[in-house]
Amino acid sequence: QVQLVESGGGLVQPGGSPRLSCAASGSIFSIYAMGWYRQAPGKQRELVAAITSRGSTNYADSVKGRFTISRDNAKNTVYVQMNSLKPEDTAVYYCNADLYDYTLSRRSDYWGQGTQVTVSS
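### Re the overall build of the protein chain
The helix and strand inventory of the protein chain stands at zero helices and eleven strands. Projected onto its principal axes, the C-alpha positions of the protein chain cover 45 × 25 × 25 Å. Buried positions account for 43% of the 121 residues belonging to the protein chain. In the protein chain, once contacts between residues fewer than 6 apart in sequence are set aside, the share between residues at least 24 apart is 55%. Entry remark: accessible area of the protein chain is about 6500 Å², with carbon and sulfur atoms responsible for 45%. Placing the 12 positive and 9 negative side-chain charges of the protein chain at their respective mean positions leaves the two points 3 Å apart.

### Some remarks on the sheet that holds strand 3 (residues 19-26)
Spatially, four strands are ordered 1-3-8-7 in an open sheet, and the strand pairing comes out antiparallel. Because the sheet does not close on itself, it has two edges, and the strands there are strand 1 (2-7) and strand 7 (67-72). Taking the axes of each pair of neighbouring strands and ignoring which way they run, one obtains an average angle of 15° across the sheet. In this sheet, strand 8 (residues 77-82) lies alongside strand 3 in antiparallel orientation, the contact comprising five bridges. Following the sheet pairing, Ala-23 is matched in strand 8 by Thr-77.

### Observations concerning the state of the cysteines
Linking two cysteines covalently through their sulfur atoms gives a disulfide. Summed over the entire model, instances satisfying the criterion amount to one disulfide. Linked covalently through their sulfurs, Cys-22 and Cys-95 form a disulfide whose S-S length is 2.0 Å. On the sign convention where negative means left-handed, the S-S torsion of about -80° between Cys-22 and Cys-95 marks this disulfide as left-handed. Taken together, the residues Cys-22 in strand 3 and Cys-95 in strand 9 (residues 91-101) connect sequence positions 73 residues apart. In terms of burial, Cys-22 and Cys-95 fall into one category: buried.

### Details of the pairing of strand 4 (residues 28-39)
Relative to strand 9, strand 4 runs antiparallel, the two sharing nine bridges. Each bridged residue has a counterpart across the sheet, and for Ile-28 the counterpart in strand 9 is Asp-101. Here strand 4 pairs with strand 5 (residues 46-51) via five bridges, running antiparallel. Bridge pairing links Tyr-37 to Leu-47 in strand 5. A loop of six residues connects strand 4 with strand 5, the two strands running antiparallel in sequence, and Gly-42 in this loop sits at a positive phi of about 80°.

### Things to note about the side chain of Glu-6
Inspection of the secondary structure assignment puts Glu-6 in strand 1. Arg-45 is the oppositely charged side chain nearest to the buried, salt-bridge-free Glu-6, at an N-O distance of 7.7 Å. A distance of 2.7 Å separates the side chain of Glu-6 from the backbone nitrogen of Cys-95, its partner in a polar contact. Here the side chain of Glu-6 touches Gly-114 through a polar contact of 2.7 Å, landing on its backbone nitrogen. Excluding residues that lie within four positions of it along the chain, Glu-6 makes contacts with Ser-21, Cys-22, Trp-36, Tyr-93, Tyr-94, Cys-95, Gly-112, Gln-113, Gly-114 and Thr-115.

The rules behind each value
- Residues numbered from 1 in each chain as written.
- Predicted model: local features only at pLDDT ≥ 70, side-chain atom pairs only at ≥ 80, totals over all residues.
- Heavy atoms only, no water.
- Helix = DSSP H or I, 4+ residues; strand = E, 2+ residues; numbered from the N terminus.
- Buried < 20%, exposed > 50% of the residue type's maximum accessible area, 1.4 Å probe, protein only.
- Contact = heavy atoms within 4.5 Å.
- Areas by Shrake-Rupley, 256 points an atom, 1.4 Å probe, with all protein chains shown as cover.
- Lys, Arg positive; Asp, Glu negative; His and termini not counted.
- Charge placed at Lys NZ, Arg CZ, Asp CG, Glu CD.
- Pairing = 2+ DSSP bridges.
- Axes fitted to C-alpha atoms, helices over the stretch in contact; angles between N-to-C directions.
- Disulfide = S-S within 2.5 Å.
- Salt bridge = Lys/Arg side-chain N within 4 Å of Asp/Glu carboxyl O.
- Polar contact = N/O pair within 3.5 Å; in protein donor to acceptor, adjacent residues only side chain to side chain.

Structure representation (structure tokens):
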């Protein structure tokens, strides 16, 4: 069984710089890409940032230059440093991992439970 556990959300003032973390655990043979998605009220879930096992990154245009994704492969953990937050960044942020589960013998997408980030003064 695989679990993704996020941490680091909460209420943040505009311009703030929180960091979200997501640790994957369980029957993991290998993790390919990891990423962060977000879903604001009334909107579809969207990609925020993603990183491959080799460190290649991809960002949504709306966060380029403000967010930085990184990962610690030894800890199966992905981070996103969010700088210069705006009210429009308010959303539930979800961690995603494309990984191979050795008990199920298959590669699948796994999701965390989500962490709320609210940007407000």
